[in-house]
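Given next are the chains, with one letter for each unit.
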Amino acid sequence: MLVGHFAISLLGKRIEPKVSVGTLMLAAMLPDVLSCLFLIGGLEEIRLNSGSTFKLEAVEIAYSHSLLTGAVWGGLLASSYFWRRSYKRGAWLVLAAVLSHWVLDVVSHTPDMPLAPGIQARLGLGLWNSIPATLVIEGGLWILSIAAYVSVTRARSRASLALFWLPIAFLTLAWYGNIAGPPPSDPSSIRFTSLIFFLLTVAWAYWLDRLRLCKERTV
Ligand SMILES: [Zn+2]
């Protein structure tokens, strides 16, 4: 998924307004950020699959995307959050956001989602094989999360209103391009462009805490 992961961070803000939406975005996207780094480092491998709507096929993504390593990365991020903020409920939410990535990717991927490194079983329900079903399910989750986030925050100014909605529109178009557009012309550059895209999205989410006021203090 793509906006499905972003949706988790916005929904997380609705569940626990004290936690930064940037931290929740980092948590929800952590396996994808790590995957880009592992692809650059040669630890993981993906290849083009033009026969699938998904367009990319995982050869090895167990270090970033397995259920077991998701629990490890999530535990590390949640621990560092707890160490800095001493907020137990927020730390549990960070862990849940990281683990949600595996669940949502199992729903959207063709069967390539690992349980743990070294285990051959792969899971995937293949939602992304159907563009209409993706638009309804992932798109519906995205719209729901935006509505939930907007209900617990308010824009500080007209400029901050634009700095929320324009990136939302851009992320929505990027997602639609991903599921309905042509396959990438240079698959080897995906790891770099995706890493920059993910990190900019996380940075924007941290900025959102300043752009939109929350009824409760962010920790
Ligand atoms: Zn992923």
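Note: the structure precedes this text.
Sequence order sets the numbering: in each chain, residues are counted from 1 along the sequence as written. Owing to the predicted nature of the model, reporting of local features is limited to residues with pLDDT of at least 70; listing and counting of side-chain atom pairs is limited to 80 or more, with chain, interface and lining totals taken over all residues. To obtain the side-chain values, all non-hydrogen atoms of the structure were used and water was disregarded.

Engineer: How would you explain the overall build of the protein chain if you had to name every residue and give the values?
Structural biologist: Comment: elements are numbered from the N terminus, with helices defined as DSSP H or I runs of at least four residues and strands as E runs of at least two. Secondary structure summary: the protein chain contains eight helices and six strands in total. Across the protein chain, helices and strands are ordered from the amino to the carboxyl terminus as α-α-β-β-α-α-α-β-β-α-β-α-α-β. Over its C-alpha trace the protein chain gives a radius of gyration of 17 Å, about what one expects of a compact globule, namely 17 Å for 219 residues. The dimensions of the protein chain, computed from C-alpha atoms along their principal axes, are 45 × 35 × 30 Å. Considering the protein chain as a whole, with its 219 residues, one finds that 49% of them fall into the buried category. In what follows, residue pairs with any heavy atoms lying within 4.5 Å of each other are defined as contacts. Summarising the internal contacts of the protein chain: among those between residues at least 6 apart in sequence, 69% fall at separations of at least 24. For the protein chain, the accessible surface area stands at approximately 10,600 Å², while carbon and sulfur atoms represent 67% of it. By the counting scheme adopted, Arg and Lys are positive, Glu and Asp are negative, and His together with the chain ends is not counted. Lys charges are placed at NZ, Arg charges at CZ, Asp charges at CG and Glu charges at CD. Each charge class in the protein chain can be summarised by its mean position, and for the 18 positive and 12 negative side chains these summaries are 17 Å apart. With the radius of gyration taken over C-alpha atoms, the globule rule is written as 2.2 Å times the number of residues to the power 0.38. Residue burial is assigned from relative accessible area. The probe radius is 1.4 Å, only protein chains are included, and a residue is buried under 20% of its type maximum, exposed over 50%, and partly exposed in between. Here the Shrake-Rupley method, with its probe set to 1.4 Å, supplies the accessible areas, and only the displayed protein chains count as covering residues.

Engineer: A description of the side chain of H5 should follow, citing residues and the corresponding values.
Structural biologist: On the secondary structure map, H5 appears in helix α1 (residues 3–15). Polar side-chain contacts of H5 include one of 3.2 Å to the backbone oxygen of M1. Among all residues touching H5, those that are not within four sequence positions of it are A28, M29, D32, H101, L104 and D105. Distance and chemistry together define a polar contact, namely a pair of N or O atoms within 3.5 Å, with one atom able to donate a hydrogen and the other to accept it when in protein, and with adjacent residues in sequence counting only for side-chain atoms on both sides.

Engineer: Would you mind going over the coordination of the zinc ion in detail, with residue names and values included?
Structural biologist: Donor atoms are limited to N, O and S found within 2.8 Å of the metal ion, a distance that becomes 3.2 Å for Na, K and Ca. With water left out, some sites might look partial. For the zinc ion, the full set of protein donor atoms is D32 (OD), H65 (NE2), H101 (NE2) and D105 (OD), at a range of 2.1 to 2.2 Å. Any coordination sphere not matching a tetrahedral pattern (four donors, all angles between 85 and 135 degrees) or a square planar or octahedral pattern (four or six donors, opposite donors over 155 degrees apart, other angles between 65 and 115) is reported as irregular. Around the zinc ion sit four donor atoms, and with donor-metal-donor angles ranging over 83 to 176 degrees the site reads as irregular. The sequence pattern describing where the donors of the zinc ion fall on their chain is D-x32-H-x35-H-x3-D. Linking D32 in helix α2 (residues 21–41) with H101 in helix α5 (residues 88–108), this pair joins segments that are 69 residues apart in sequence. H101 shares its class with D32; the two are buried.

Engineer: So what's going on with the packing of aromatic side chains? Which residues, and what values?
Structural biologist: For Phe, Tyr and Trp, rings pair up if their centres lie within 6.5 Å, where Trp contributes its six-membered ring, and each pair is then called stacked (planes under 30 degrees apart), edge-to-face (over 60) or tilted (otherwise). Counted according to the given criterion, the structure contains eight aromatic pairs. When the centroid spacing of 6.1 Å and the interplanar angle of 45 degrees are considered together, the rings of F38 and W73 count as tilted. In this pair, F38 sits in helix α2 while W73 sits in helix α4 (residues 67–85), placing the two residues 35 residues apart along the sequence. Judged by its relative accessible area of 24%, W73 falls in the partly exposed class. Judged by centre distance (5.8 Å) and plane angle (55 degrees), the ring pair of F197 and F198 falls under tilted. Both residues of the pair, F197 and F198, belong to the buried class. Counting every residue linked through ring pairs, the aromatic cluster contains F6, W142, F170, F197 and F198. Each ring is checked for a lysine NZ or an arginine CZ that lies within 6 Å of its centre and within 35 degrees of its normal; such an atom marks a charge sitting over the ring. Above the face of the F164 ring, R212 is positioned so that its terminal group lies 4.7 Å from the ring centre.

Engineer: Pulling in residues and values, what's your account of the packing of α2 against α5?
Structural biologist: In this analysis, axes come from line fits to C-alpha atoms, helices being fitted only over the stretch in contact, and the angle between any two N-to-C directions falls in the range 0 to 180 degrees. Where α2 meets α5, the closest approach of the two axes is 8 Å, and the angle between their N-to-C directions is 40 degrees. Relative to α5, the element α2 is oriented oblique. Here α2 and α5 pass one another in a crossing that is right-handed. Residues T23, L24, A27, A28, M29, L30, P31 and D32 of α2 touch α5, and the partners they reach there are L93, V94, A97, V98, H101 and D105. Only Asp, Glu, Lys and Arg are considered charged in this grouping, and only Ala, Val, Leu, Ile, Met, Phe, Trp, Tyr, Cys and Pro are considered nonpolar; every other residue, Gly among them, is considered polar. Grouping the constituent residues of the contact of α2 with α5 by class yields 10 nonpolar, two polar and two charged. Geometric relationships in this document are graded by angle, where less than 35 degrees denotes roughly parallel, more than 145 denotes roughly antiparallel, 65 to 115 denotes roughly perpendicular, and other angles denote oblique. By convention, the crossing between two helices is left-handed when the near helix turns anticlockwise from the far helix through less than a right angle, and right-handed when the turn is clockwise.

Engineer: An account of the pattern of salt bridges is requested, with residue identities and associated values reported.
Structural biologist: Should a side-chain nitrogen of Lys or Arg be within 4 Å of a carboxyl oxygen of Asp or Glu, the pair is scored as a salt bridge. Evaluation of the coordinates by the stated rule reveals two salt bridges. Put simply, K13 and D209 hold a salt bridge, and the shortest N to O gap is 3.3 Å. Taken as a pair, K13 in helix α1 and D209 in helix α8 (residues 190–211) lie far apart in primary sequence, 196 residues in all. With respect to class, K13 is no different from D209; both count as buried. The closest approach of N and O atoms between R89 and E16, which form a salt bridge, is 2.4 Å.

Engineer: Can you explain the layout of surface pockets? Please cite residues and give values.
Structural biologist: Detection works on a 1 Å grid of protein atoms alone, calling trapped sets that fit a 1.4 Å probe cavities and calling open sets with protein on both sides within 12 Å along at least five of seven lines pockets, with lining residues defined by an atom within 4 Å of a point. Grid points are joined across faces, edges and corners, and a volume is the space filled by probe spheres set on the points. Estimated volume of the largest pocket: approximately 740 Å³. Along the walls of the largest pocket sit 31 residues, with L56, N178, I190, S194 and F198 positioned nearest its centre. Of all elements in the fold, only α2, β2 (55–60), α7 (158–180) and α8 reach the threshold of two or more residues within the lining of the largest pocket. The element contributing the most residues to the lining of the largest pocket is α8, with six residues.

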